Amino acid sequence: NRKTMILGIETSCDETAAAVVENGTKILANAVASQIDIHRRFGGVVPEVASRHHVDQITIVCEEAMRESGISWGDLDAIAVTQGPGLIGALLVGVNAAKALAFAHGIPLVPVHHITGHIYANRFVHELQFPLIALVVSGGHTELVFMKAHGSYQVIGTTRDDAAGEAFDKVARTLGLPYPGGPEIDRLAKQGKASIDFPRAWLEEGSLDFSFSGLKSAVINYIHNERQRGREISKADVAASFQVSVAEVLVKKTMLAAGRYDIRQLLVAGGVSANSRVRKEMTAAAETRGIPLVIPPLRLCTDNAAMIAASGTIGFLKGMRADLALNGSPNLAI
Ligand code: KG4
Ligand code: ZN
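As the structure is a computational prediction, the values presented were derived from the model and not from experiment.

J.: A description of the UniProt feature "binding site: substrate" (unreviewed entry) in the protein chain should follow, citing residues and the corresponding values.
T.: The UniProt record marks V136, V137, S138, G139, G140, D169, G182, D186 and N275 with the feature "binding site: substrate" (unreviewed entry), using the residue numbering of this structure. Other than its neighbours up to four places away in sequence, S138 contacts H118, A163, G165, G270, G271 and V272. Tracing the sequence through the fold places D169 in helix α5 (residues 164–174). Looking at D169, the number of C-beta atoms within 10 Å reads 24, which means it is buried. With sequence-adjacent residues up to four places away left out, D169 is seen in contact with G44, G139, Y179, P180, G181 and G182.

Right, here's the structure in full:
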């Protein structure tokens, strides 16, 4: 029963990250170089700029994680890297770094799906209890995933258009708030009232799918209409009303799923799970139904490499391996 030591590497979007994790549960090092300040100038992530900064940072971040962990390259069992989904140029930087390090040190390479990483961020808080349902809500994804065992994923609901985080970012942008918009809306909403009646997209009766583009357009139209009529809008009220609408849909659909499957645990992960309203409503709903709920701490909700190492640990133990032909895969399916 020797320990499994994994170096995780994540570069799918705008964080260059490397982490060392022991047994999929203990973080020995977790280095993240965020590009948020760089992309803020452009109001969103610029793919070419992201790739360039990943190239600048990847070696530094990997070395930092190894140094901080106190272990040496020879102690590693594998290198786990995000294969996709994500921005192709960004993914390639992490994949190529992982391939080079795996080759140079003679260590196996394990490919990881980014969403499974978000799910496994929860394992640093609580051991996973199967069967479970995970809601992954981020800038790029809104997925309900059913898991009956480690490494087994069944997508039971997904967004038909925008991801929840994308809606947060676009509404924030229309309100003149900086990127990323989620945390800004969250903060502003605390000072406002949810007094504006924005739509909730339930889709067909019983559907576990999501849609946020209608809500996003409704909010943007509201802002433009009010301004056109020369009326002062309350940004805080818009933020609060929009956030309540997103949270209500996320919570109700998740509870609908939880009622349909016999589960022992509910997980929430991804950048939008940092949202205070989502956390509060989900906690209350899970408590009412007596379902044990796990949500990672804020720094593990957004992109990081510890979660990639944690999911990679399961992949490694199941014998998943990639060779040096591994390529980034922007639309990778779970
Ligand atoms: O998981 P993540 O770091 O990257 C992706 O995999 O996409 O998620 C980033 C997203 C952004 O859209 C950001 O606005 C959103 O998560 N986000 C939030 C909050 N913190 C981050 N959305 C709502 N409320 C928050 N507090
Ligand atoms: Zn993510």
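J.: Can you break down the site of ligand 1 residue by residue, with the values?
T.: Near ligand 1 you find 19 residues, and of these G139, G165, G182, G271 and N275 are the closest. Put simply, the parts of the chain that give the shell around ligand 1 at least two residues each are α5 and α6 (181–189). A total of four residues in the shell around ligand 1 trace back to one element, the largest contributor, which is α6. For the shell around ligand 1, the class distribution of residues is six nonpolar, ten polar and three charged. There are two domains that each give the shell around ligand 1 at least three residues, and those are domain 1 (5–119 + 301–317) and domain 2 (127–295).

J.: Can you tell me about the domain arrangement of the protein chain, naming the residues and giving the values?
T.: Per the domain assignment, the segments making up the protein chain are domain 1 (5–119 + 301–317) and domain 2 (127–295). With centres defined by C-alpha atoms, the gap from domain 1 to domain 2 works out at 26 Å. Facing the 14 residues of domain 1 at the interface are 21 residues of domain 2. For the side of domain 1 that touches domain 2, the secondary structure elements donating two or more residues are α1 (36–40), α4 (114–120) and α11 (306–317). Take the side of domain 1 that touches domain 2: its biggest share by element is four residues, from α4.

J.: Explain the pairing of strand β8 (residues 154–158) residue by residue, including any values.
T.: Here strand β7 (residues 142–147) runs beside β8; their pairing, made up of four bridges, is antiparallel. In the strand pairing of β8, V145 is matched with V155.

J.: Any chance you could break down the UniProt feature "domain: Gcp-like" (unreviewed entry) in the protein chain for me, citing the residues and the numbers?
T.: Taken from the UniProt record, the annotation "domain: Gcp-like" (unreviewed entry) applies to residues 26–309. Secondary structure across residues 26–309 comprises 48% helix and 16% strand; the distance between its end C-alpha atoms is 10 Å.

J.: Which residues make up the packing of α5 against helix α7 (residues 213–228), and what are the values?
T.: Here α5 crosses α7 at 5°, and the two axes come no closer than 10 Å. In terms of orientation, α5 lies roughly parallel with respect to α7. From α5, A167, K170, V171 and T174 reach across to α7, where they touch L215, K216, V219, I220 and I223. Split into classes, the residues belonging to the contact of α5 with α7 amount to six nonpolar, one polar and two charged.

So, how was this worked out
- Residues numbered from 1 in each chain as written.
- Chains lettered and ligands numbered in written order.
- Predicted model: local features only at pLDDT ≥ 70, side-chain atom pairs only at ≥ 80, totals over all residues.
- UniProt positions renumbered as here; feature names shortened; annotations may be inferred.
- Contact = placed C-beta atoms within 7 Å.
- Helix = DSSP H or I, 4+ residues; strand = E, 2+ residues; numbered from the N terminus.
- Buried ≥ 20, exposed ≤ 12 C-beta atoms within 10 Å, placed from the backbone.
- Near = placed C-beta within 6 Å.
- Nonpolar A, V, L, I, M, F, W, Y, C, P; charged D, E, K, R; others polar.
- Domains from an automatic or database assignment.
- Pairing = 2+ DSSP bridges.
- Axes fitted to C-alpha atoms, helices over the stretch in contact; angles between N-to-C directions.
- Parallel < 35°, antiparallel > 145°, perpendicular 65-115°, else oblique.

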